[in-house]
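One-letter residues, chain by chain:
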Amino acid sequence: MGDRFDVIVVGAGPAGTSCAYTAAKSGLNVLLIERGEYPGSKNVMGGILYRKQMEEIIPEFWKEAPLERPVVEQRFWFMDRESMVTSSYKGLEWGREPYNNFTVLRAKFDQWFASKAVEQGALLINETVVTECIVEDGRVVGVRTDRPDGDVYADVVVLADGVNSLLGKSLGFHKEWKPDEVALTVMEVMNLPKKTINERFNVEDNQGVSIEIFGDSTQGLLGTAFLYTNKDSLNIGVGTTLSGMIKKKLKPYHLLEYVKTHPMVKPYLEGGETAEYLAHLIPEGGYKSVPRLVGDGVVIVGDAAQFVNAIHREGSNMAMSSGKMAAEAIVRAKEIGDFTERTLDHYRKELYRSFVGKDLKKYKDVTHTFEDHPQYMADYIPMLNKAANKFFTVDGSPKKQKQSDIIKGFTKDKGKITVARDLIRAWKVMK
Amino acid sequence: MEGDEIMAKTIEEKQYLVRFRCDTKSHLEVKDENVCLTSCPDKDCTIFCPADVYKWEGDRMHVGFEGCHECGSCRIGCPYDNIKWEYPKGGHGIVFRLA
Ligand SMILES: Cc1cc2nc3c(=O)[nH]c(=O)nc-3n(C[C@H](O)[C@H](O)[C@H](O)COP(=O)(O)OP(=O)(O)OC[C@H]3O[C@@H](n4cnc5c(N)ncnc54)[C@H](O)[C@@H]3O)c2cc1C
Ligand code: SF4
Ligand code: SF4
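On a predicted model such as this, the values are computed, not experimentally measured, just so you know.

**Let's talk about the overall build of chain B**
Phase 1: When you go through chain B residue by residue, the secondary structure sums to five helices and six strands.
Phase 2: The principal-axis extent of the C-alpha atoms belonging to chain B is close to 45 × 35 × 20 Å.
Phase 3: Evaluated residue by residue, chain B yields a buried proportion of 56% over its 99 residues.
Phase 4: Sequence separation of 24 or more characterises 64% of the internal contacts of chain B that already satisfy a separation of 6 or more.
Phase 5: Of the roughly 4,800 Å² of accessible surface on chain B, a fraction of 51% belongs to carbon and sulfur atoms.
Phase 6: Distance between charge centroids for chain B: 7 Å, based on 13 positive and 18 negative side chains.

**Re the interface of chain A and chain B**
Phase 1: Facing 57 residues of chain A, the contacting portion of chain B comprises 41 residues.
Phase 2: Contact between chain A and chain B buries roughly 4,000 Å² in total, counting both sides, with carbon and sulfur atoms accounting for 56%.
Phase 3: Of all residues in chain A, Tyr253, Glu276 and Tyr277 of chain A bury the most surface against chain B, accounting for 16% of the area lost on that side.
Phase 4: If you look at where chain A meets chain B, you find ten salt bridges.
Phase 5: Salt-bridge contacts for Glu127 of chain A lead to Arg21 of chain B; the nearest nitrogen and oxygen are separated by 2.9 Å.
Phase 6: Those elements that provide at least two residues to the side of chain A that touches chain B are helix 3 (106-119), helix 4 (166-170), strand 11 (182-191), helix 6 (242-247), helix 7 (252-260) and strand 15 (273-283) of chain A.
Phase 7: When residues of the side of chain A that touches chain B are assigned to their parent elements, the largest contribution, nine residues, is made by strand 15 of chain A.

**Here we look at the site of ligand 2**
Phase 1: As a structural note, the neighbourhood of ligand 2 is formed by Cys36, Cys40, Lys43, Cys45, Met61, Cys78, Pro79, Tyr80, Asn82 and Ile83 of chain B.
Phase 2: Counted by class, the shell around ligand 2 contains eight nonpolar, one polar and one charged residues.

**Some points on the pairing of strand 12 (residues 208-215) of chain A**
Residues and elements named next belong to chain A.
Phase 1: The element strand 12 is largely enclosed, with a buried count of eight among its eight residues.
Phase 2: Two elements, strand 4 (residues 71-79) and strand 12, share eight bridges in a ladder whose sense is parallel. Of the residues in strand 12, the one forming a bridge with Arg75 is Ile211.

**Topic: the packing of aromatic side chains**
Residue and element names in this part refer to chain A.
Phase 1: Applying the stated criterion to the full structure yields 17 aromatic pairs over all chains.
Phase 2: Each ring, one from Phe61 and one from Phe102, has its centre 5.7 Å from the other, and the planes form 75°; the classification is edge-to-face. Here Phe102 lies in strand 6 (residues 101-103) and Phe61 lies in the loop between helix 2 (51-55) and strand 4, a separation of 41 residues in the sequence. For the pair Phe61 and Phe102, one class covers both residues: buried.

**A word on the sheet that holds strand 15 of chain A**
Residue and element names in this part refer to chain A.
Phase 1: Read from one edge to the other, the open sheet built from seven strands follows the order 5-4-12-13-14-11-15, with strand pairing classed as mixed. The sheet is open, and its two borders are formed by strand 5 (84-90) and strand 15, each paired with just one other strand. Going from strand to strand, the sheet's axes swing by 15° on average, the running direction of each strand aside.
Phase 2: Sheet topology note: the strand 12/strand 13 (residues 223-229) ladder contains four bridges and is antiparallel. Its bridge partner lying in strand 13, Ile213 is registered against Ala225.
Phase 3: Of the strands in this sheet, strand 4, strand 5, strand 12 and strand 13 touch helix 13 (residues 375-392), which is tilted by about 100° from strand 4.

**Here we look at the domain arrangement of chain A**
Where interface size is given, it is often the accessible area lost as the parts come together that is meant.
Phase 1: Domain assignment breaks chain A into domain 1 (4-68 + 104-174 + 286-362), domain 2 (182-283) and domain 3 (367-430).
Phase 2: Between the C-alpha centres of domain 1 of chain A and domain 3 of chain A the distance comes to 43 Å.

**Some thoughts on unusual backbone geometry**
Residue and element names in this part refer to chain A.
Phase 1: Here Glu97 and Pro98 are connected by a cis peptide whose omega angle stands at 5°.
Phase 2: With respect to the secondary-structure elements, Pro98 resides in the loop between strand 5 and strand 6.
Phase 3: We note that Asp149 has phi near 50°; this positive angle belongs to a residue other than glycine.
Phase 4: In this structure, Asp149 sits in the loop between strand 9 (139-145) and strand 10 (151-159).

**As for the packing of helix 13 of chain A against helix 15 (residues 416-430) of chain A**
All names here are of chain A.
Phase 1: Put simply, helix 13 and helix 15 touch, their axes get as near as 13 Å, and they point 120° apart. Here helix 15 runs oblique to helix 13, going by the angle between their axes. Helix 13 and helix 15 meet at a crossing whose hand is left-handed. Counting all contacts with helix 13, which are made through Gln375, Tyr376 and Tyr380, the residues of helix 15 involved are Thr418, Val419, Asp422, Arg425 and Ala426.
Phase 2: When grouped by side-chain class, the residues that make up the contact of helix 13 with helix 15 number four nonpolar, two polar and two charged.

**Considerations on the site of ligand 3**
Phase 1: Neighbouring ligand 3 are 13 residues; Cys49, Cys68, Cys71, Gly72 and Cys74 of chain B lie closest to it.
Phase 2: Counted by class, the shell around ligand 3 contains nine nonpolar, three polar and one charged residues.

**Some points on the side chain of Asn82 of chain B**
Residues and elements named next belong to chain B.
Phase 1: By secondary structure assignment, the location of Asn82 is in the loop between helix 5 (73-77) and strand 5 (83-85).
Phase 2: Note on Asn82: relative accessible area 6%, which makes it buried.
Phase 3: One polar contact links the side chain of Asn82 to the main-chain carbonyl oxygen of Asp32, over a distance of 3.0 Å.
Phase 4: Setting aside chain neighbours within four positions, we find Asn82 in contact with Glu29, Val30, Lys31, Asp32, Val35 and Cys36.

**Notes on the environment of Gly172 of chain A**
All names here are of chain A.
Phase 1: Mapped onto the elements, Gly172 comes out in the loop between helix 4 and strand 11.
Phase 2: Judged by relative accessible area, Gly172 falls into the exposed class, the value being 58%.
Phase 3: Sequence separation between Gly172 and Phe113 is 59 residues, and the spatial gap between their C-alpha atoms is 31 Å.

Criteria and cut-off values
Residues numbered from 1 in each chain as written. Chains lettered and ligands numbered in written order. Predicted model: local features only at pLDDT ≥ 70, side-chain atom pairs only at ≥ 80, totals over all residues. Heavy atoms only, no water. Helix = DSSP H or I, 4+ residues; strand = E, 2+ residues; numbered from the N terminus. Buried < 20%, exposed > 50% of the residue type's maximum accessible area, 1.4 Å probe, protein only. Contact = heavy atoms within 4.5 Å. Areas by Shrake-Rupley, 256 points an atom, 1.4 Å probe, with all protein chains shown as cover. Lys, Arg positive; Asp, Glu negative; His and termini not counted. Charge placed at Lys NZ, Arg CZ, Asp CG, Glu CD. Buried area = accessible area lost by both parts, 1.4 Å probe. Salt bridge = Lys/Arg side-chain N within 4 Å of Asp/Glu carboxyl O. Near = heavy atom within 4 Å. Nonpolar A, V, L, I, M, F, W, Y, C, P; charged D, E, K, R; others polar. Pairing = 2+ DSSP bridges. Phe/Tyr/Trp six-rings, centres within 6.5 Å; stacked < 30°, edge-to-face > 60°. Axes fitted to C-alpha atoms, helices over the stretch in contact; angles between N-to-C directions. Domains from an automatic or database assignment. Parallel < 35°, antiparallel > 145°, perpendicular 65-115°, else oblique. Left-handed = near helix turned anticlockwise from the far one by under 90°. Polar contact = N/O pair within 3.5 Å; in protein donor to acceptor, adjacent residues only side chain to side chain.

Okay, here's the thing in structure tokens:
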């Protein structure tokens with residue numbers, strides 16, 4: 001390739017493309033390198049794309065982007081073997097501009113988004129693996145690719161290479177992730193006629209539903225399952241920490257079958273035809289796992305930097321915002337003509353000032369706490385189900401008696417103090 | 001039952017639905033099979049790999065790299081750091097068409 005660029009972005013996922021788009025729009029000369037056949041061909045997502053952060057990059061993107069359905073109802077299931085306690089919110093205002101969030105299929109979406117960066121002047125090269133960063137005197141000055149004559153140089157290299165981030169690791173910005181810092185997630189896209197989806201989920205053509213499923217969906221392990229509606233297909237998936245999966249000797253696809261055939265889930269999938277099966281990691285280490293973000297001539301964005309809020313399944317939006325903030329810091333560095341860590345550190349500062357840093361910090365102990373205390377998934381969700389069963393079963397005993405029985409039931413197995421301690425701990429990490 | 005077949009129950013049925021553009025060279029390599037044989041009785045990689053890539057054949061590990069989703073779990077999850085893990089050549093490996 002032999003050329004020189006202002007910025008080289010490695011990886012055309014939401015983080016990399018946001019960065020390339022923003023930098024190119026500001027007039028920088030941008031090269032975006034993707035190892036897949038096309039952007040999206042290596043990428044997996046349950047499917048919820050957040051309007052707010054996307055709109056900050058491309059206003060009114062919904063008029064043009066390949067989206068599935070705007071989500072008008074979010075349901076939460078706390079599931080036991082044969083029962084569930086649910087909560088949900090449905091708001092038709094979410095089905096109108098400016099919307100709240102959308103279901104998307106990433107292969108289509110990522111290609112479209114990258115094409116928008118190209119429209120802004122970025123050069124996109126697919127089917128190219130960046131094998132290493134070229135470092136001179138401790139400064140990243142370019143990248144080596146698996147193409148013949150594949151060295152390219154730039155003022156700044158942006159690592160948007162996703163959860164595995166071999167490049168961040170090779171620069172020593174982080175060590176190998178531990179099995180409790182990542183969630184292994186598998187999913188299927190199942191084709192189902194639009195009309196059937198509308199009837200089953202009680203929505204109209206341009207309305208979608210997201211369902212997060214806790215409890216028996218992960219057989220007590222820390223994790224969740226999800227079921228989202230596309231136009232004429234469903235995304236059904238499940239993930240737990242890799243450490244949990246290893247400890248329980250679980251095969252991920254068996255867990256997926258367990259969810260698909262669960263009596264609470266199965267009726268929604270009936271007649272569905274699997275169109276694709278996908279596996280991917282989600283970085284879930286949170287705040288404490290965030291690696292070094294900035295070096296001389298280099299920054300890290302998106303999943304590569306562990307920017308995921310596992311509690312609210314937000315990843316793509318953090319990826320986008322971090323990519324945009326990195327681009328803004330690079331534009332500023334270009335104006336000054338200095339690409340050292342000191343100048344690029346502007347990105348890190350802005351990031352920690354934004355919702356990305358603040359939310360990561362707020363939930364900094366959540367994953368570790370729930371991983372170390374499996375009772376939240378394994379015991380309390382079944383207890384909640386038992387309590388609801390007791391309360392709603394009409395058996396002739398007065399309601400006051402029922403309430404007192406329920407509270408006794410909660411504390412009987414574990415003891416009052418343990419329950420109180422568990423509640424306080426959960427409150428502390430979530431508040 | 002017919003309805004069950006299209007729901008891709010087994011891992012073979014699931015993998016059959018995925019598009020792969022295979023390289024001739026493996027991007028995954030067990031560094032030392034002796035470690036698998038002597039130190040790793042559980043052989044976790046044969047359990048948690050979502051694509052059933054690793055199969056223990058009594059005294060050696062069969063690595064069906066062609067079906068790999070490139071998720072990275074085996075690199076992180078092998079307790080002996082015994083897997084050399086690279087990306088397939090540009091444009092090769094798994095090609096997701098949908099999500
Ligand atoms: C099953 C699942 C469900 C999820 N659900 C949601 C959800 O509902 N909502 C949400 O917001 N988030 C969700 N997430 C998280 C979300 O998908 C990620 O946070 C987001 O994709 C991160 O974007 P990224 O650009 O940082 O990384 P990626 O999307 O992973 O992109 C990285 C890119 O870099 C490329 N690449 C990597 N290394 C190289 C290299 N050396 N050379 C060239 N190219 C390279 C890859 O091919 C890829 O295109 C989910 C994740 C999973 C796995
Ligand atoms: S987990 Fe590692 S050491 Fe154990 S069998 Fe697999 S590759 Fe070998
Ligand atoms: S990267 Fe994932 S799919 Fe590929 S072999 Fe390793 S665990 Fe299996």
